[in-house]
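# Coordinate analysis (summary)
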Amino acid sequence: MSADDFAQRGIARFEKNDLEGAIADFTKVIELNGKQLEFCFYFRGIALYRRGRLDEAIADLSRAITLKQHPRFYDDRGNILAQKGDFESAIADLNRAIELEPKYAKAYGDRGIVHLMRGEDTAAESDFKKCFELDKTLETQFKNAAHSIKQQAALQTEHQAPADVEIVKFSWDEEPAKALKPGAP
């Protein structure tokens, strides 16, 4: 098989969610030094990401970026970096995606999510507004993601013990609250 054959089969496998097959085919194209290697690195990186292999995915997306400055490459690498907790690098990648393609709505939404993860609500709202102006179809997706992040943040805050509270006395014999008694109004 030629590099082009492996590339075509890799795309077909990727689309069918045969991620291991896609990874193998894109690896073969890269070994054969086929055409459009930036896309082979990109798709192999996304397949690796979907398999939970984040560091390898970042490495492949970085190779794709070295070969071609494409906003989607930066956007997807930024998302993976954010998942790993590297918010600074994620913001830098998302900024670069927007710089390359100022009307790339998804990059604004993704950057809004990272701002939200960092607790930067005003910046997040600004990015979401721009995203929805550019592509109204993304609104539900990003509003749901933002809601989920806010809920997670609230739960984390709720489960953190305040630093200045100390339990001095505890007894199982204390009267339970009225609301906890069966039949209580």
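A brief structural summary. (Residues numbered from 1 in each chain as written. Predicted model: local features only at pLDDT ≥ 70, side-chain atom pairs only at ≥ 80, totals over all residues. Heavy atoms only, no water.)

The topology assignment puts Arg111 in helix α7 (residues 105–117). By relative accessible area, Arg111 is classed as buried at 16%. Here the side chain of Arg111 touches Asp127 through a polar contact of 2.7 Å, side chain to side chain. With residues up to four places along the chain from it excluded, the contact list for Arg111 reads Ile91, Leu94, Asn95, Ile98 and Asp127. (Helix = DSSP H or I, 4+ residues; strand = E, 2+ residues; numbered from the N terminus. Buried < 20%, exposed > 50% of the residue type's maximum accessible area, 1.4 Å probe, protein only. Polar contact = N/O pair within 3.5 Å; in protein donor to acceptor, adjacent residues only side chain to side chain. Contact = heavy atoms within 4.5 Å.)

Right, let's talk about the packing of helix α5 (residues 71–83) against α7 for a bit. Running from amino to carboxyl end, α5 crosses α7 at an angle of 15°, the nearest separation of the two axes being 10 Å. Put simply, α5 runs roughly parallel to α7. Handedness of the crossing formed by α5 with α7: left-handed. On α7, the residues touching Asp75, Asp76, Asn79 and Ala82 of α5 are Lys106, Ala107, Asp110, Val114 and Met117. (Axes fitted to C-alpha atoms, helices over the stretch in contact; angles between N-to-C directions. Parallel < 35°, antiparallel > 145°, perpendicular 65-115°, else oblique. Left-handed = near helix turned anticlockwise from the far one by under 90°.)

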